[in-house]
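# Summary of structural features
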Number of protein chains: 2
Amino acid sequence: MSRPALLKLAACQYAPHLGDTDGNAARGVAWIDRAADAGAKLIVLPELASSGYAFASEEEADAAAQDGGGAILARWVDSCRRRGVYVVAGFSERRGDERFNSAALLGPEGLIGVYQKAHLFNDEKSYFQPGDSGFPVFDLPFGRIGILVCYDLWFPEAARVLALKGAQLICVPTNWVANFRRQVVDDRGWAMGNYAAVAVATQNQVFVAAADRIGSERDVEFIGASCIAGPEGWLLAGPASRSDEALLLADVDLSQAAARKQRTPRNHAFGDRRPELYSSLSGPAASTSE
Amino acid sequence: MSRPALLKLAACQYAPHLGDTDGNAARGVAWIDRAADAGAKLIVLPELASSGYAFASEEEADAAAQDGGGAILARWVDSCRRRGVYVVAGFSERRGDERFNSAALLGPEGLIGVYQKAHLFNDEKSYFQPGDSGFPVFDLPFGRIGILVCYDLWFPEAARVLALKGAQLICVPTNWVANFRRQVVDDRGWAMGNYAAVAVATQNQVFVAAADRIGSERDVEFIGASCIAGPEGWLLAGPASRSDEALLLADVDLSQAAARKQRTPRNHAFGDRRPELYSSLSGPAASTSE
């Protein structure tokens, strides 16, 4: 008799340090170890965990960028081998002459894949190219995963594309910021990203694991509130606090993401879609005015 | 000097009665009056406010259906004239030989428009045709509105289409049900529909007003939790309780939906979209398998 493949999933909330690439490599190793000690098999680290976030110049951004074979990812791959785990980690990627705000999927076998953030926020536009390769999915022993980064969650199209490709879990390395908001969290400590994560989960019947960072860099304040949502939307862990490190854990059976697609005997999350009514959502021409 | 057009918006939570069309007409009149007494200018009533929800036969469904010129809508138009208000109300619509789970936009000038629910839930598929005309928007003196009904909120494509057409407020007559869910609300009384409403609001920077019903019919239990969200996502009113009548009110300036599209000096809610990466979301072929 086959059993559901239970997976312990971890979202690590901590503060990478701007420009401290060696220290950030070590921080990642320490958090991978801490999550693996707790039994986690798939571990999500924050956005730009290799580099920090608030660059002030091209030179700073470039100094922190590495390619997929760079020293930081190599150290985290070593951790994956040593602990027998998989890691999704944000990193500043150099590819040729360009930089991307990317997330790497790493495992005992090495670098499995990279997602390049498609929707760039504010000054990221000065330091990174937007990813043009779409939203890839990756098959792991315990299920199929996709990756989004931070601001991508404000574009429900992206999560939907991943879900339609069969992603059962969307991993979200993130650096949610307090800046530009009149209200950052509500009376129970929920950030708007938490609401977006829950909605992505219930609308697509997928798991969502968002690992945010804390602390501040220059004029940018980060807001924590990492969370893990299940395929009916409800949070399985978090939101974590706004200011403290946190290791969020959840035992999940990713096959539930497929099983729950059949919402009722007569309703399927994707079968009920009306793609013929959504034609204004895709294609080359987008309106930016109202 | 021009002032922002402040609008008092109302979402009315109560229990229409299955098959009691005369009573439901009177209930709608009473709630329009109650909301108008409180100063509301735009008033949202629940889904199928004319007819009730849990039909058991074609005959029942047909007996409750009326066309856009039917007696119930005519009474509510009278209320709009008498009180100088606009109403969005769910009703069972007969059009030719077909029935639709529709919502009417009514005003002092009469029936302004109809939206026919595009995504049907469970047994609605036995009694209604899915709407094929897409997602219309309507210009009112205080702004542009769109309409979605209940399960439509699980398809973020629909809200996005409305927002791209310039909708500043999405009115959501709804009949959220407890059925088919292992968890209906969380520890603070939020239903999953509330999370979807908040996400729609923050992702599109629009207002969302969801008027749910309470009570039960046959084996269907309704869950209240009506809410009004602002264009940064945060709730302005609600969630209302699961079991009691409620009149939710919010003073809104719909022009904020446009103003807040510019999220940062470098980020526009629509300008940041990557429609060339969303091509799998539209078109005639939809996948229903994983």
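Residues numbered from 1 in each chain as written. Chains lettered and ligands numbered in written order. Predicted model: local features only at pLDDT ≥ 70, side-chain atom pairs only at ≥ 80, totals over all residues. Heavy atoms only, no water.

## Structural notes on the relation of the copies chain B and chain A
Both copies of the chain are related by a screw-like operation: a rotation about an axis and a shift along it. Here is the rule: Copies are brought into register by a least-squares superposition over C-alpha atoms of residues with pLDDT of at least 70 in both. Residues are treated as being in contact if the distance between any of their heavy atoms lies within 4.5 Å.
Rotating chain B by 180° and moving it 0.0 Å along the rotation axis overlays it on chain A with an RMSD of 0.0 Å. Interpreted geometrically, this transformation is the action of a two-fold axis. When the interface residues of chain B are mapped onto chain A, 100% of them are again interface residues, pointing to one common binding face.

## Brief notes about the sheet that holds strand β8 (residues 169-173) of chain B
Residue and element names in this part refer to chain B. The test is simple: Here, any two strands with at least 2 DSSP bridges between them count as paired. Helix and strand definitions follow DSSP, with helices as H or I runs of at least four residues and strands as E runs of at least two, each counted in order from the N terminus. Axes here refer to lines fitted to C-alpha atoms; in helices the fit is confined to the stretch in contact. Angles between the N-to-C directions go from 0 to 180 degrees.
Overall, mixed pairing links the 6 strands, which are arranged β6-β7-β8-β9-β12-β13 in an open sheet. Each having just a single partner strand, β6 (137-140) and β13 (235-237) make up the two edges of the open sheet. Each adjacent strand pair in this sheet contributes to an overall mean axis angle of 25°, direction not counted. Sheet analysis places strand β7 (residues 143-147) next to β8, joined by 3 bridges and oriented parallel. Within β8, the position partnered with I147 by the bridge is C171.

## Quick word on the interface of chain B and chain A
Rules: Buried area, as used here, totals the accessible surface that two parts lose on assembly, with accessibility defined by a 1.4 Å probe and the loss added over both. Any Lys or Arg side-chain nitrogen found within 4 Å of a carboxyl oxygen on Asp or Glu counts as a salt bridge. N or O atoms closer than or at 3.5 Å make up a polar contact, with two conditions inside protein: a donor-capable atom paired with an acceptor-capable one, and, for residues adjacent in sequence, both atoms drawn from side chains. Charged means Asp, Glu, Lys or Arg here, nonpolar means Ala, Val, Leu, Ile, Met, Phe, Trp, Tyr, Cys or Pro, and polar covers whatever is left, Gly included.
Between chain B and chain A, the residue contacts involve 76 residues of the former and 76 residues of the latter. Carbon and sulfur atoms supply 53% of the area that chain B and chain A bury against each other, a total of about 6,800 Å² over both sides. Our enumeration of links across chain B and chain A arrives at 16 salt bridges. Close ionic contact of D187 of chain A with R188 of chain B constitutes a salt bridge, the shortest N to O distance being 3.6 Å. Taken together, the links from chain B to chain A amount to 47 residue pairs in polar contact (both at pLDDT 80 or more). Of all elements in the fold, only α4 (124-127), α5 (156-164), α6 (192-204), α7 (255-259), β15 (262-264) and β16 (267-268) of chain B reach the threshold of two or more residues within the side of chain B that touches chain A. Considering only residue class, the side of chain B that touches chain A consists of 35 nonpolar, 22 polar and 19 charged.

## Examining the packing of α5 of chain B against α6 of chain B
Residues and elements named next belong to chain B. Under the convention used in this document: Here a crossing is called left-handed whenever its near helix is offset anticlockwise from the far helix by less than a right angle, and right-handed whenever the offset is clockwise.
The contact between α5 and α6 brings their axes to 10 Å, and the two run at 35°. Here α5 runs over α6; the crossing is right-handed. On α6, the residues that touch A159, R160 and A163 of α5 are V200, Q203 and N204. Among the residues making up the contact of α5 with α6, the classes are represented as 3 nonpolar, 2 polar and 1 charged.

## A closer look at the pattern of salt bridges
Residue and element names in this part refer to chain A. Note the following rule: The buried label applies to any residue whose accessible area, calculated with a 1.4 Å probe on protein chains only, is under 20% of its type's maximum; exposed applies above 50%, and partly exposed to all values in between.
Within this structure, the stated rule accounts for 52 salt bridges over all chains. R274 is the partner of E276 in a salt bridge, and the nearest nitrogen-oxygen pair spans 2.9 Å. We classify E276 as partly exposed; its relative accessible area is 42%. Several salt bridges share partner residues, and in doing so they unite D33, D37, R82 and R83 into one network.

## What to know about the sheet that holds strand β5 (residues 110-116) of chain A
Residue and element names in this part refer to chain A. The strand order β5-β4-β3-β2-β1-β14 describes an open sheet built from 6 strands, whose pairing is mixed. The open sheet terminates on both sides in strands that have one partner only, identified here as β5 and β14 (246-253). Ignoring strand direction, the axes of neighbouring strands in this sheet form an average angle of 30°. In this sheet, strand β2 (residues 42-44) lies alongside strand β1 (residues 6-13) in parallel orientation, the contact comprising 3 bridges.

## Side note on the confidence of the model for chain A
Our working definition: Confidence scores per residue from the predictor, reported as pLDDT, run from 0 to 100.
Of the residues in chain A, 96% have a pLDDT of 70 or more, and the chain-wide mean is 95. Model confidence for the complex is summarised by a pTM of 0.96, with the ipTM given as 0.95.

## Some words on the side chain of R160 of chain B
Its place among the elements puts R160 of chain B in helix α5. If near-sequence neighbours (up to four positions away) are discounted, R160 of chain B is found in contact with W154, F155, P156, E157 and L281 of chain A together with Q203, N204, F270 and R273 of chain B.

## Structural notes on the environment of C227 of chain A
All names here are of chain A. In this fold, C227 is placed in strand β12 (residues 227-229). The exposure class of C227 is buried, given its relative accessible area of 0%. Residues C227 and A61 lie 166 residues apart in sequence; the distance between their C-alpha atoms is 28 Å. Once residues lying within four places of it in the same chain are set aside, the contact partners of C227 are N194, A197, V208, A209, A210, L235, A237, G238, P239 and L248.

## Considerations on the environment of G19 of chain B
Residue and element names in this part refer to chain B. Considering the arrangement of structural elements, one finds G19 in the loop between β1 (6-13) and α1 (21-37). Exposure remark for G19: the relative accessible area of 53% places this residue in the exposed category. Between the C-alpha atom of G19 and that of E60, which follows or precedes it by 41 residues, the distance is 7.2 Å.

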